[in-house]
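# Chains, contacts and geometry: an overview
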Amino acid sequence: MEDYHKPDQQTLQALRNIANRLRINSIKATTAAGSGHPTSCCSVAEIMSVLFFHTMKYRYDDPRNFNNDRFIMSKGHAAPALYSMWVEAGFLKETELLSLCHVDSTMESHSTYKHQLMDLATGSIGQGLGVACGMAYTGKYFDRSSYRVYCLMGDGEMSEGAVWEAMSFASYYQLDNLVAIMDINRLGQCDSAPLQHHVEKYQKRCEAFGWHAIVVDGHSVEELCKALSQPRHQPTAIIAKTIKGKGIPGNPAEDKIGWHAKPLPKDMADMVIKDLQSRVTNSSKHLYPSTPIEDSPPVSLRNIRMPSAPSYKAGEKISTRKAYGMALAKLGRYNERVVALDGDTNNLTFSEIFKNEHPNRYVECYIAQQNMVSVAMGCAARERNLVFASTLASFFTRAYDQLRIAAISDSSINLCGSHCGLSTGEEGPSLMGLEDMAMFRAIPTATILYPSDGVSTEKAVELAACTKGVCYIRTSCQDSAIIYNSNEDFHVGQAKVVYQSKDDQVTVVAAGLTLHEALAAAEHLKKERISVRVIDPFTIKPLDIKTIMDHTRATRGRILTVEDHYCEGGLGEAVSSAMVNESGFTVHRLAVSHIPRSGKPHELLKVYGIDRDAIIQGVRKMLSSSTNAK
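Residues numbered from 1 in each chain as written. Predicted model: local features only at pLDDT ≥ 70, side-chain atom pairs only at ≥ 80, totals over all residues. Heavy atoms only, no water.

Going by what an unreviewed UniProt entry lists, the protein is known as Transketolase and is assigned to Takifugu rubripes. Reading the Subunit (unreviewed entry) entry of the UniProt record for the protein gives the comment "Homodimer." The Sequence similarities (unreviewed entry) comment attached to the protein in UniProt states, word for word, "Belongs to the transketolase family." (UniProt positions renumbered as here; feature names shortened; annotations may be inferred.)

Below, the discussion takes up the packing of aromatic side chains. Counted according to the given criterion, the structure contains 18 aromatic pairs. Taking the centre distance of 5.1 Å and the plane angle of 70° together, the rings of Phe52 and Phe71 count as edge-to-face. Taken as a pair, Phe52 in helix H3 (residues 45-55) and Phe71 in strand E1 (residues 70-73) lie far apart in primary sequence, 19 residues in all. Across the pair, Phe71 and Phe52 agree in class, each one buried. Pairing Phe52 with Trp86 gives two aromatic rings, centres 5.9 Å apart and planes at 80°, and the pair type is edge-to-face. Within this pair, whereas Phe52 is found in helix H3, its partner Trp86 is found in helix H4 (residues 79-89), the two being separated by 34 residues in sequence. Every member of this aromatic cluster is reached through a ring pair, and the members are Tyr137, Tyr141, Phe142, Phe169, Tyr172, Tyr173 and Tyr366. For Arg474, the ring lying beneath its charged end belongs to Tyr450, and the centroid distance is 5.0 Å. Above the plane of the ring of Phe490 lies Lys496, whose end atom (NZ or CZ) is 4.9 Å from the centre. (Phe/Tyr/Trp six-rings, centres within 6.5 Å; stacked < 30°, edge-to-face > 60°. Helix = DSSP H or I, 4+ residues; strand = E, 2+ residues; numbered from the N terminus. Buried < 20%, exposed > 50% of the residue type's maximum accessible area, 1.4 Å probe, protein only. Lys NZ or Arg CZ within 6 Å of the ring centre and 35° of its normal.)

Attention shifts here to the domain arrangement of the protein. Entries for the protein in the domain assignment read domain 1 (9-279), domain 2 (316-482) and domain 3 (496-628). With centres defined by C-alpha atoms, the gap from domain 1 to domain 2 works out at 33 Å. At the junction of the two partners, domain 1 supplies 28 residues and domain 2 supplies 29 residues. Looking at the side of domain 1 facing domain 2, the largest losses of area belong to Gln127, Phe142 and Glu165, adding up to 25% of the total buried there. Here domain 1 and domain 2 share three salt bridges between them. Residue Arg337 is joined to Asp143 by a salt bridge in which the shortest nitrogen-to-oxygen separation is 2.6 Å. Viewed at the interface, domain 2 and domain 1 are joined by 12 residue pairs in polar contact (both at pLDDT 80 or more). Mapped onto the side of domain 1 that touches domain 2, the elements with two or more residues apiece are helix H5 (128-142) and helix H6 (161-172). If one sorts the elements of the side of domain 1 that touches domain 2 by residue count, H5 sits on top with eight residues. (Domains from an automatic or database assignment. Contact = heavy atoms within 4.5 Å. Buried area = accessible area lost by both parts, 1.4 Å probe. Salt bridge = Lys/Arg side-chain N within 4 Å of Asp/Glu carboxyl O. Polar contact = N/O pair within 3.5 Å; in protein donor to acceptor, adjacent residues only side chain to side chain.)

On to the UniProt feature "domain: Transketolase-like pyrimidine-binding" (unreviewed entry) in the protein, then. The positions that UniProt labels "domain: Transketolase-like pyrimidine-binding" (unreviewed entry) are, in the present scheme, residues 318-482. Structurally, residues 318-482 is divided into 39% helix and 21% strand, and its ends, taken at the C-alpha atoms, are 8 Å apart.

Turning next to the sheet that holds strand E11 (residues 447-449). The mixed open sheet is built from seven strands, whose spatial order is E8-E7-E9-E10-E12-E11-E17. If you trace the sheet from one side to the other, it starts and ends with strand E8 (362-364) and strand E17 (539-541), each paired once. Pairwise comparison of adjacent strand axes, ignoring direction, gives a mean angle of 20° for this sheet. (Pairing = 2+ DSSP bridges. Axes fitted to C-alpha atoms, helices over the stretch in contact; angles between N-to-C directions.)

Here is the structure:
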């Protein structure tokens, strides 16, 4: 090819030397740890050598520099190979490798975000390419910069559907700054990968998805240099035929089943290391990475605020899902790095309002929710964008693995799930998000914001923009009355007392649609001379348990929770678990107790016992029980 300048023999030998030192250090580290995947590290040695010392442009002393080329190790179990490569670059000391898997070490068996060399955690394979797509999309369309994105994948993860979602996304958006290097080493965890070494089949599949696919000998540094130097007009797949355990000859570990996730015993490791060291030739040539082009714009995502207070009027009605779309578009006017993603549901989530107003910052991910979450992580990486991704609440369940990896990666992404609960109505239970709070409550870094009107929704979007970690905003279909003043001050973890008197007998905690049912119930009970206090938690996680408990004490310890969610894992369980070690409280819970059916929202709320009448009956029952107890 005309643009290819073949490296001289000294350079090629230096790359081979680096590859063998990578093998040596990976074996040393995993044997010392008694854990790890040395055979997987050995198969990628030449790929890593060529990538980091011939192809990629980066500042080795500043791994997170936003001008650097990006590297994602999707086959995260080969993390020791990456640590070893950073030893070669001079960023880590060789002795640091021996702390692999130690409880106080930043170097773990699978790469995590604890080390600044990583942009995300990997290990649950099949997710790296989606994140790389988000980085590449940002580089091409938001940063408009020259950095490239490289993703190293294993053949095992090619069975994951999320990989092909990402392949489709990259082709559709012509991400010519994205390169996937596929380590086709034939062997998986327990058996051979489905296509084994039939690299031509991988090539045809990649080409069918609109990628330029090149087959190479993955242990030939010259072939790798040539393939990675080709001009690109579409996403590129380097299909590298490799040998698992390459460089460990004369024993069962090279190209043999049964050595996945097994460190070499010390005597075997010593023998192999000695053999590998004999292959490292004396060379006076030292290779250094090329310096990146500094053409990425500076970005600030700090102190992002709405340009003005909400403009809703008392008595006005709007659904929280529409209020979300309006708030997101409004936030986008204030900061040009606010971007929105959706999965072909923008007319339901109302992210279409953002799309219409800021079309160049809207990313359509189509019906591929797993990939959408991964792309969101990639777009948010290195604090390049403030990302909001939306779809129906029920659809986030299929992306749960991506969500937990986002948390492990310390990724700051904002997610909005619409059509939560019974308000989805005629669409039926498959589209009712009735388990979403349970799902997000189980994610350690997650914040769950559950607004109940237009004002609190706009405040939730603003707060999510300023909150680290995974933020989830839960929205509903039905129009609801505005209950808050535009100047109401909201904070994460702060509940609101929306209805009270000095004679209150029961505290009712409700959110979203059920908050309005609780207020209607309170008005009705007032006519019966029964006073109740109504609290809007606003944030389900973290829950403002102090406010809830203080006000419940004022109502003689009686508390009723009501939620448009299954019994398991929602608001009621959050309140109950927070009070488990407290005495003097009686908790009664109203929730959707079993799988519902289609119907009008108001009918469903009644049938499944979370409407105003059910709340009224619940309050009466609590008071009756208290009277009988006396």
